[in-house]
Every structure is written in C-alpha cells, then in structure tokens.
Amino acid sequence: MKKKRISLGFVGFGAFLLFAVVMVTRSVLAGPQTVPTEKDVKKAERVAKPKAGVDERTTVPTGGDLVAGNGIIEPADRETKLASHIPGRIRAVLVVEGQDVAAGAPIAELENEAEKSALAAAEADLGVRRAELLRVARGLRAEDRQAVIADTSAAKARADLSQGTLKRLEEAAKGGAATVDEVARARGQAEADKNALDAAEARKHAAVTGARSEDVLVAQANVVAATARRDQAKSTLERLTIQSPIAGKVLQVKLRAGEYYNPQGGEPIAVVGDTRTLRVRMDLDERDIARVVVGAKAFVTLNAYPGKRFAAHVVEIGRRMGRKNVRTDDPTERIDTKILEVLLELDEREGLVTGLRVVSYVEATK
C-alpha cells in the first residue's frame, strides 16, 4: 500500500512538471508582451473623424511673407480690474455685465452704515465749530452789548450809593449817632458793590472791544480739526465704494451682493475695459523681431470663425523681451521661448470679444 502511494505521488509531480514546461514554451513562442497584436494594430489605425464634418485643425495662410504668432484680444488699454484694499461684505452691486460706465461711476459698495453715521457726526461737529468761530469773531450782538452797558451803569449806581452811605455813617459815628457795627456793615456793602462794579466794567470792556486774538485763534483751530475729522470720515466712506477709474464697459462682475470680499484673495470685484477699440496682444518670436514694423498690415484668425480673416495693423511694438502671454494646448509647444509683445489694432471687430485667443499674421518687411 505504501509503494502505491509513492508511485501516485511521482505521477502527480510529473504531470505538474509537464504543465510548467508547456506554459513556459508557450510564453516563449508568443514573444514579448510589448509587441502589439494584429488586433491592437487595427485599432490604432482608426482615424477619429471631426464632429459634424468640421475640421478644427488650423490652416496656415499662404501667399506673401507672413510672421505668425499667438495672441489674445483685449480692450484698447487692457482690462482694469477693480478691487478694494478694505475687506468687507458686498452691500450692493450697482452695475451689470455689458453696461457702459463713465469715469468715476460707482460699481459696487461694501457695507458702510457705521461709516455713514461717523460722517454725519463729523459734519455736525464741524457746524458747531464754525458757529463758535463766527460768534467769537463777531463778538456780542448789539442787544447783548446794550444789556452789558446797562448792567455796568446799575453796578456803578449801587457802588456810589454804598460809598455815600458809608461816609455818612462814619461821620455819624464820630458824634455817637451810629454804632461801630453799623459802620462795619456799611463798609462791607461798599466793598462788595465796588467789586461788582469792577466785574461789570470788565464785561463792558470785552463787549465793546470784541474778543481777544487768542480766542479767535483757538476757535479757528477747532474748525480746522473738525474739518480734518470730517474729511477723514468722508474718505473712509468713499473707500467702501468701488468706482471705475475709466470710461468703458463692464466686462465681468466677479462678486454678488451679500458675498464677503477679501483683497488678499487676489480676485477683483469687477473688470472694466474700453472696448470701443479692440486690440490683439501678439507674442512675436525673438527670431522675427526685425521683420515687423509699426504700421504693417496684419490679420487674425480664430476657431470661432473658420476661414475668416479679421483685418488689423501694427500700432505698437514692445521694448523688452519677455515670456509668452498666450499658451496653447499643444504638448509640443516650447514655453521657454523669449517673445516680444506686438499690439495689433483690429480694423474689423464684429462678433469679437475680449479674452479670445487668436492666431496673428503680420506682413513682414522686405
């Protein structure tokens, strides 16, 4: 029985060894896995047809000596990105995209209730300070001056009366007709009335001669300080209103009312540009800078209008080499090439908007 089990074990091992040899031989005869099969080759030979029969490949224009470069459409003086250096919640957006705005027109407002109240308080304080200066500079009214003069006359009459009474009592006291106590009371009353007369004379002098120069200077300084506080409150309020520095069209509104704006995020609140004239900022290869001059005729093409050329002409050539502004989706594109910016002014602009990528062609100089 033991010999039978051993023979069966050798038979199983021999079968496994034979299976392994067959698999190795098959793998060697099949060749390496990197070699494509006939089925894979047929799949690779298929050509993807463009949708709706439209070929989206760019056709290079022929005829004439042309210098080509990628470009992007922009307003006459680039786009202006409007932002604020103060963070806050957007209270209101006062424009819509596509709206024409004048220089200085309000675009959006941040929450400003506290700043409005501060400005109102500063303006009220300025009004009070101006009134004080006017009162000090003009002095008392005629009626007030007359009242002060009358009070002075009354004080003088009381002082004269008290002085006369004191003299009579002093004479009477020499003959024993008045007591020492009565004389003392009369002397005290006379002194009090004399002091009251002196104070009234001082008030009369101030009313007649007007305010002192020091008082006027203090009042003037108060007005200047109040004006500065008013201007500061006004400036703070104005900074919460974003205004357009140029006349143009609202190209894009980035935020809406109720959203929080943070200038550190780098995102503008709105974008404005003068689109009455459109230009193309073209990337000119450094090898072609000697072949382009101001005034040269040009045209641009773009995928949105296949087969159509938009006429243009060169209006400005850059003065410093730099990196590419426009990148394509071509994986073989060289991104380390130095370029010179060339501005083309579009003679035709129907249907074009800012931000479109185009291919620019300029007639080269001979």
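Residues numbered from 1 in each chain as written. Predicted model: local features only at pLDDT ≥ 70, side-chain atom pairs only at ≥ 80, totals over all residues. Heavy atoms only, no water.

1. Structural notes on the overall build of the protein
Summing up its helical and strand segments, the protein has 6 helices and 14 strands in all. Within the span of the protein, comprising 366 residues, buried residues form 27% of the whole. Pairs at least 24 apart in sequence give 78% of the contacts found in the protein among residues at least 6 apart. Total accessible area on the protein is roughly 24800 Å²; 55% of this is exposed by carbon and sulfur atoms. (Helix = DSSP H or I, 4+ residues; strand = E, 2+ residues; numbered from the N terminus. Buried < 20%, exposed > 50% of the residue type's maximum accessible area, 1.4 Å probe, protein only. Contact = heavy atoms within 4.5 Å. Areas by Shrake-Rupley, 256 points an atom, 1.4 Å probe, with all protein chains shown as cover.)

2. Here we look at the pairing of strand S12 (residues 310-322)
Bridge count for strand S11 (residues 297-301) against S12 is 4 bridges, and the pairing is antiparallel. Directly across from phenylalanine 299, in S12, lies its bridge partner alanine 311. Direction of pairing for S12 relative to strand S13 (residues 339-346): antiparallel, over a ladder of 7 bridges. Counterpart to glutamate 316 in the pairing with S13 is leucine 343. (Pairing = 2+ DSSP bridges.)

3. Here we look at the sheet that holds strand S6 (residues 241-243)
The antiparallel open sheet is built from 4 strands, whose spatial order is S6-S5-S3-S8. Each of the sheet's edge strands pairs with one partner strand only, and the pair in question is S6 and strand S8 (260-261).

4. Considering the pairing of strand S3 (residues 88-93)
Here S3 pairs with S8 via 2 bridges, running antiparallel. Considered in S8, the bridge of glycine 88 is made with tyrosine 261.

5. Examining the pattern of salt bridges
Side-chain pairs of opposite charge can arise whenever the charged atoms involved come near each other. Counted under the stated rule, the structure contains 21 salt bridges. Of the charged contacts in the structure, one is a salt bridge between aspartate 100 and lysine 249, with a shortest N-O distance of 2.8 Å. Of this pair, aspartate 100 sits in strand S4 (residues 100-101) while lysine 249 sits in strand S7 (residues 248-253), and the two are 149 residues apart along the sequence. Classification of aspartate 100 by relative accessible area gives exposed; the value is 56%. A salt bridge links arginine 187 to glutamate 170, with the shortest nitrogen-to-oxygen separation between them at 3.1 Å. Of the two residues, arginine 187 is situated in helix H5 (residues 180-209) and glutamate 170 in helix H4 (residues 142-174); the sequence distance between them amounts to 17 residues. By sharing partners, the salt bridges in this structure join Glu74, Arg78, Arg281 and Glu341 into a single network. (Salt bridge = Lys/Arg side-chain N within 4 Å of Asp/Glu carboxyl O.)

Bear in mind that shape data such as this cannot, by itself, settle questions of function.
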